[in-house]
Amino acid sequence: MVPMKFPLKPLIAAAALIALAAPLAIIARTAQATQDDPVVPYVPTPEAVVEGMLDMAKLAPGERLIDLGSGDGRIAIAAAKRGAQAMGVEINPRLVSRARMNAEMAGQKDNARFVRDDLFAVSLREADVVTLYLLPQINEQLRPKLLTEMRPGTRVVSHAFDMGDWPPDEHERIAEKNVYMWTIPAVAGGEWRLVRADGTFAMLDIEQRYSRITGALGSDTLSMARLSGDRLSFTAGGVAYHAIVGDRTITPDPQAPVAAAAGWRAERAE
């Protein structure tokens, strides 16, 4: 498996996300299923685990949840009861029908909808939370799709199985089951030109592996570096930086501590 590293140029950095696994087109072809030959056998998630997964995701009213491999719809319906807009994706038409019936019986048919689709084909771009109860190899095959389609700061929660060499941000035992959560990181890796408040500048060189950050600002090694979603923090030369990572800029975080560096800006080096 190719590790998630971000070289200097942004296009290469974005490509590194995709290179984590085999191309999605190939994956989608090998992962096709029918109702008689599903990719993942249907095993219901215990209700206590369902609620624990939504608690771990900190699912808020109005957020959008997508449950991949939704079975009888219990996760999407539970999310809808919390005020979320939920969608379940399931390849088995009998389970899709059952989920729709369960949503109607729960009074959630307007907030929990279900589609019959290939979980590798459905778009995740609008999701705030994606939930999974699949198999280890399917999780790993989905990893590049999650990393490239979901927005920084959105969350992935998996029942039972992890994501290989992508370490979870949280891991809990709920009703004797493993539950994992990941926060999608921004693409921070690469070379940036940082201009300080006094007009001086230095090159900020960041190496990234998922949410793990190393690198240097000029001749100073980054320490206490942390990336959570699009929020980046590090210390260099005794100065603390708290920032928001955009596509081509890194700017001070409005919620940064008073003692943090202010008035600076970094742009991707060409």
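These numbers were taken from a predicted model, which means no experiment stands behind them. (Residues numbered from 1 in each chain as written. Predicted model: local features only at pLDDT ≥ 70, side-chain atom pairs only at ≥ 80, totals over all residues. Heavy atoms only, no water.)

1. Thoughts on the environment of Ala188
Step number 1: The topology assignment puts Ala188 in the loop between β7 (177-183) and β8 (190-195).
Step number 2: Along the primary structure Ala188 and Leu232 are separated by 44 residues, whereas in three dimensions their C-alpha atoms are 8.3 Å apart.
Step number 3: Every residue in contact with Ala188, bar those within four places of it in the chain, is listed here: Ile206, Gln208, Ile213, Leu227, Val245 and Arg268. (Helix = DSSP H or I, 4+ residues; strand = E, 2+ residues; numbered from the N terminus. Contact = heavy atoms within 4.5 Å.)

2. A short note on the sheet that holds strand β2 (residues 85-90)
Step number 1: Across the sheet, seven strands lie side by side as β3-β2-β1-β4-β5-β7-β6; this open sheet has mixed pairing. Among the strands making up the open sheet, the edge pair consists of β3 (112-116) and β6 (170-174). Each strand axis lies, on average, 20° off the axis of its neighbour in the sheet, ignoring direction.
Step number 2: Where β2 meets β3, five bridges bridge the pair, whose relative direction is parallel. For Gly88, the partnering residue across the bridge sits in β3 and is Phe114.
Step number 3: Packed onto the sheet, helix α6 (residues 136-149) meets β1 (64-68), β4 (129-132) and β5 (155-159) and runs at close to 170° relative to β4. (Pairing = 2+ DSSP bridges. Axes fitted to C-alpha atoms, helices over the stretch in contact; angles between N-to-C directions.)

3. Thoughts on the packing of aromatic side chains
Step number 1: For the coordinates displayed, the defined rule picks out five aromatic pairs.
Step number 2: Arranged with centres 5.7 Å apart and planes meeting at 10°, the rings of Trp166 and Tyr210 form a pair that is stacked. Of this pair, Trp166 sits in the loop between β5 and β6 while Tyr210 sits in the loop between β9 (201-209) and β10 (212-217), placing them 44 residues apart in sequence.
Step number 3: Taking relative accessible area as the criterion, Tyr210 reaches 2% and is therefore assigned buried.
Step number 4: Feature note: the residues Trp166, Tyr180, Trp182 and Tyr210 constitute an aromatic cluster, connected by ring pairs. (Phe/Tyr/Trp six-rings, centres within 6.5 Å; stacked < 30°, edge-to-face > 60°. Buried < 20%, exposed > 50% of the residue type's maximum accessible area, 1.4 Å probe, protein only.)

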